[in-house]
Each structure stands twice: as C-alpha cells, then as structure tokens.
Amino acid sequence: MTARAATDVSLTLDRTDHRSLPVQVADALRAQITSGVLAPGESVPSTRHLSERLGISRGTVVTAYDQLLGEGYLQASQGQPTVVHPALNKIHPRFSGQPKSAGTQNSFRNTDGATALTDTDTQSLVDLRPGQPDSSRVAGPAWRAAWRHAAAQPTDLSPAPIGLDLLREAVAEHLRLMRALPVPASSLVVTAGAREGLTLLLAATARRNGRAQLRVGLEAPGHPGLREVPSTHGHTVVPCPVDRNGLRVDQLPTGRNAPDVLVVTPSHQYPLGGSLTLERRLELLDWAHRWDVLLVEDDFDSELRYVGSPLPTLSALDALGEQVALLGTFSTLLTPSLATGYVTAPENLLPAVRHIRETLGVPVAAITQFALAHLLSSGQVRRHTQRMRTEYRRRRDAVQAVFSEATHAQLVPMHGGIDAVIHTDRPEQDVIAACRERGLVVGGQSEYWTWGDGKVSPTGDRGHGVVVGFARPDDSDFQRVLPVLLEVCDRPE
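Note that this is a predicted model, so its numbers are computed, not measured. (Residues numbered from 1 in each chain as written. Predicted model: local features only at pLDDT ≥ 70, side-chain atom pairs only at ≥ 80, totals over all residues. Heavy atoms only, no water.)

Trainee: Pulling in residues and values, what's your account of the pairing of strand E15 (residues 419-424)?
Mentor: With six of its six residues buried, E15 lies for the most part within the structure. Where strand E14 (residues 409-411) and E15 come together, three bridges link them in antiparallel fashion. Of the residues in E15, the one forming a bridge with Gln410 is His423. Relative to strand E18 (residues 465-469), E15 runs antiparallel, the two being bridged by five bridges. When the bridges of E18 are listed, Asp419 appears paired with Gly469. (Buried < 20%, exposed > 50% of the residue type's maximum accessible area, 1.4 Å probe, protein only. Helix = DSSP H or I, 4+ residues; strand = E, 2+ residues; numbered from the N terminus. Pairing = 2+ DSSP bridges.)

Trainee: Talk me through unusual backbone geometry; I want residue IDs and the actual numbers.
Mentor: Note the cis peptide between Ala220 and Pro221, where omega equals 0°. Considering the arrangement of structural elements, one finds Pro221 in the loop between strand E7 (215-220) and helix H8 (229-232). Positioned with a positive phi, Asp292 is a non-glycine residue whose angle comes to about 55°. Take Asp292: it is sitting in the loop between helix H9 (278-291) and strand E11 (294-298). The backbone phi angle of Ala339 is positive, close to 50°, even though this residue is not glycine. Within the secondary structure layout, Ala339 lies in the loop between strand E12 (324-329) and strand E13 (341-344). Judged by its relative accessible area of 37%, Ala339 is partly exposed.

Trainee: Talk me through the pattern of salt bridges; I want residue IDs and the actual numbers.
Mentor: Counted according to the given criterion, the structure contains 19 salt bridges. Across the salt bridge formed by Arg357 and Glu196, the nearest N and O atoms sit 2.5 Å from each other. With Arg357 in helix H11 (residues 350-360) and Glu196 in helix H7 (residues 194-209), the pair connects residues that are 161 residues apart, well separated along the chain. Look at Glu196 and you get partly exposed, because its relative accessible area is 21%. Two residues, Arg280 and Asp243, come together in a salt bridge whose shortest N-O distance is 2.9 Å. You can see Arg280 sitting in helix H9 and its partner Asp243 sitting in strand E8 (residues 236-243), a full 37 residues away along the chain. (Salt bridge = Lys/Arg side-chain N within 4 Å of Asp/Glu carboxyl O.)

Trainee: Describe the nonpolar core, with residues and values.
Mentor: The biggest cluster of nonpolar side chains holds 64 residues, and the ones touching the most others in it are Val399, Phe403, Ile422 and Leu485. Here this core takes eight residues from helix H16 (residues 475-489), the largest share from any one element. Two domains share this core, each providing at least three of its residues, namely domain 2 (126-135 + 385-489) and domain 3 (141-382). Not counting residues up to four positions away in its chain, the partners in contact with Leu485 are Phe403, Ile422, Cys435, Leu440, Val442 and Val468. Residues Ala206, Val216, Val229 and Ala352 belong to the second largest nonpolar core, which totals 26 residues. (Core = buried A, V, L, I, M, F, W, Y, C linked by side-chain atoms within 4.5 Å. Domains from an automatic or database assignment. Contact = heavy atoms within 4.5 Å.)

Trainee: So what's going on with the packing of helix H6 (residues 165-179) against helix H12 (residues 366-377)? Which residues, and what values?
Mentor: Relative to each other, H6 and H12 sit at 35°, their axes nearing to 9 Å. Note that H6 runs across H12; the crossing there is left-handed. Seen from H6, the contacting residues are Leu166, Leu167, Ala170, Val171 and His174; seen from H12, they are Gln369, Phe370, Leu372, Ala373, Leu376 and Ser377. Tallied by class, residues from the contact of H6 with H12 come to eight nonpolar, three polar and no charged. (Axes fitted to C-alpha atoms, helices over the stretch in contact; angles between N-to-C directions. Left-handed = near helix turned anticlockwise from the far one by under 90°. Nonpolar A, V, L, I, M, F, W, Y, C, P; charged D, E, K, R; others polar.)

Trainee: Please give an account of the packing of aromatic side chains that cites residues and values.
Mentor: Inspection of every chain in the model, using the stated rule, returns two aromatic pairs. Judged by centre distance (5.6 Å) and plane angle (55°), the ring pair of Phe330 and Tyr342 falls under tilted. Of this pair, Phe330 sits in the loop between E12 and E13 while Tyr342 is found in strand E13, placing the two residues 12 residues apart along the sequence. Residue Phe330 shares its accessibility class with Tyr342, and that shared class is buried. A cation sits over an aromatic face here: Arg395 above Phe478, 4.6 Å from the ring centre. (Phe/Tyr/Trp six-rings, centres within 6.5 Å; stacked < 30°, edge-to-face > 60°. Lys NZ or Arg CZ within 6 Å of the ring centre and 35° of its normal.)

Trainee: Tell me about the sheet that holds E15, and name the residues and values.
Mentor: With antiparallel pairing, four strands are arranged side by side in an open sheet as E14-E15-E18-E17. Only two strands of the sheet have a single partner each, and these edge strands are E14 and strand E17 (443-444). Here E17 runs beside E18; their pairing, made up of two bridges, is antiparallel. What sits directly across from Gly444, in E18, is Val466. Strands in contact with helix H13 (residues 380-403) are E14 and E15; relative to E14, the strand with the most contacts, it is inclined by about 150°.

Now the structure itself:
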C-alpha cells in the first residue's frame, strides 16, 4: 500500500498553541488511533506526504512518528508503509480499536455548582493514572541523532552479557554527576528495567547463599512496581513497616528472622511520601552489616526531587561496599518504552551476577544500548532531566495550591516524582467511580498495601484515597481537571 492509498487523516495545526508542532501532530494522530478512526494494521500517510499536506517540514512529522513508534501506537518495517500497530489492543488494552463517534469535549455546571467534564465519546476521559511520565518531550533532534548513531553501528557486534562497555561507562558518569555516586563501570550491569534488575539480584543472591528460596523484605505499605517479583520467583515476603520518614529501622527483624534481601526506597517512599533521613540511613547500614542483609536500593524518582538537595545514596554511605545494590531505570526520566535500566552490584555478588548473565544472555538489544549510551554521553539526558524537573515542580506547585483549599481531603507531601497521593474521607472505590463520572481516570491506594498473593500489610490498612499522575496530561487538560479533582476528593463521607 502506498502513502497515497493510506487512510486519509484530517489534522489541524494551531500556530498559536503552546505545544510544539511535533507534539500537536503526535497528539492528533494518537487521538485518531485511540478513537478508532485509524484501526490496527491500517497505513498512515508517509512523512513526506503528510508534511506536504500540512505545510510543515518533514522533520517535524518524522519527530511525531518517532514518538508514536516509541509509544507503540505505530509500527514501521523496512520497505513497508508505517501502520497503526497491529497489536494495539495488547499494547494499549484500554482502546478497543473500534470506530466511535467523534464527540466534542466541553464542561458544564451541575446544579450543585461543580464543574463536570462531559463528552459523547468515552475517549474524552483524562488519564491521571500514576506512574506515567511526560514522554512527549523526549523526541527531538538529539533523540533522532541517538538512534541514527545506533543504527550505524556494526550489526554483528554482540554486547557483553553485563552490557556494552560504553553504556556502562556512560551510566557510571551519569550516577557521578546526577547522584554524586562515584561507581566503577565494572560493577554496573545493564538490565531490562527495574523488575528484571531485581530478579537478577535475587537469583544471584540465592546462588551465592546456596539456597533457592530467600526471605525478601519489602516496605509495607510500598510502591507496587516491584512487590510481586519476589513471590513470583518463589521467595518469602517479609513485610517491613514504614512511617512518614521512611522505613522503620528500629522495627526491622533481627537474628534468624532477618531477611536475606531488603528492598528499600530511601529517596521517595510510596505512598507516605517521605525520604529516609540520614540518621536512619546510617542505622539501616549498621543493621544490614550486622545481620548480613543485601540492601537493594530502589533509587525511585531520586533525580526528580523538588525539596532540597538529593540525599546521599545508601551505596555512597556503604564504606565497605558490601551490603548495597543500587537499582535504577530510565523509564521515568525518558520513556518506559526504552525498557532499560541498571544495577550496581557489590563485589561479593558480582561473580554470581556474571554467571547468570552468561547463562541467560543479554536482555537489552544492542541498538537500544548504543542509542542510550549516545544520549547519556551527549549530556541530553541531564538536560532533559533538568527541564522536566522544572516542569514537574510547576505542576506539583499547582496541585498543592488547589488542595490547600481542601477540608476533607489531604495531599501527602510531595518531595519529588510525578504522582500525587490524596487521602480522602470516603472509600477509595467511591472516589474512583466519582472521578470517572466526571471524566477522570485515577489510581487507588489499596494496591500499595497489598501483596502479589492478595495479602494485606500487617497494619490491616488498605489505604483510603487515590493516587494521581500529573505528568502526562497536556497543560490545558491539567489546568481544567484540577478543580474537578478537588471537588470529587474533598466531598465528606
């Protein structure tokens, strides 16, 4: 199928819009895909054809297509037209791919005076689910240059099991500059994201300890991202209590009851929002040395801290370098579609890590490693992080300003990250349902208190409120929905 035979799309660009032209094109095409105007497998116009129709540069359309390719909305193959991804329903299951009427979004006043969102099309729902960064600003000249550079590398090059040397060196420099952590590249291992990194560390610890089953400590409550990994691999979960200052070191089990591994988020504890104080960090290290526990430092959202300077990592405080493994990813900084992260392993664990990697092979494609190494070495990741930190801080301030008027809802202190945790008087499911009725999709707190096997944390609490991601919506949606979010969350029980 040629570009001229592709599905005809109708796009309108607004030169007065605050969004860049590539973002407008990407947003417009994404909307046509999610509404069913463009169905899975259908061709989209070529970049040359669409640029001519819109009267813009071809590079602008290429940037927009690159973004949608990275998000999984489009698929490109050598010598074939670009199409809507045939597996769209699996990648983005909330979209049915069936044509729908193109409704017009508007707002109106209820009889109670509250602003509501309505649309004849359910796709008007604003997605405020947590854990979704603003990936639209990643695509640009530096992003395209990185992938062109990667595509020009030898195709017969096989990266080392622990990752390309140049990527591990670039990550080591990134940690030195962004986290004040001087770490040798030799102790770094490239992973396919945080879950895969934790799986690798658990397998290496089990091999080193000579036991198939480990006792793994997890914060209770805690971020759901890694919570199902230990139980999935047959390990026993040990719930460890937290408060608003992070992990309760004074309540950690000792002696034979101490876990083999403890996963901790010292920079940004979820969902209570605190950072582990320096005093507690030192106490935690003393505890880990005494009972020979591997601390897996989930460096969650550490680069996106708004209040004060980032506290030193546990790895930097571990003078002997024996008890801490650092777990990192580029999903929030750049885009989850990279599916690339890293771990730093202590020397006493590296032999086991290397053996497993040699057995299982490399989890991240060489072309992805080359592209990421180029982005890091060029300084683009640091510049992008600084820009997004400023933008996310601006949005955090806006959320705080709106919820300062709340009387029945409480906003958890937001020291960093891209999500807001809101405690409410009413049950979680009631608030979620009310948000959806008003055009908002939000997350619930209950999953932060429960484990992969459905068990509740030792406190017996399941959370009481919602979790909202404020990074992904565009500015117009963000400003429009904040009063609605306040009105729904602030209702009395």
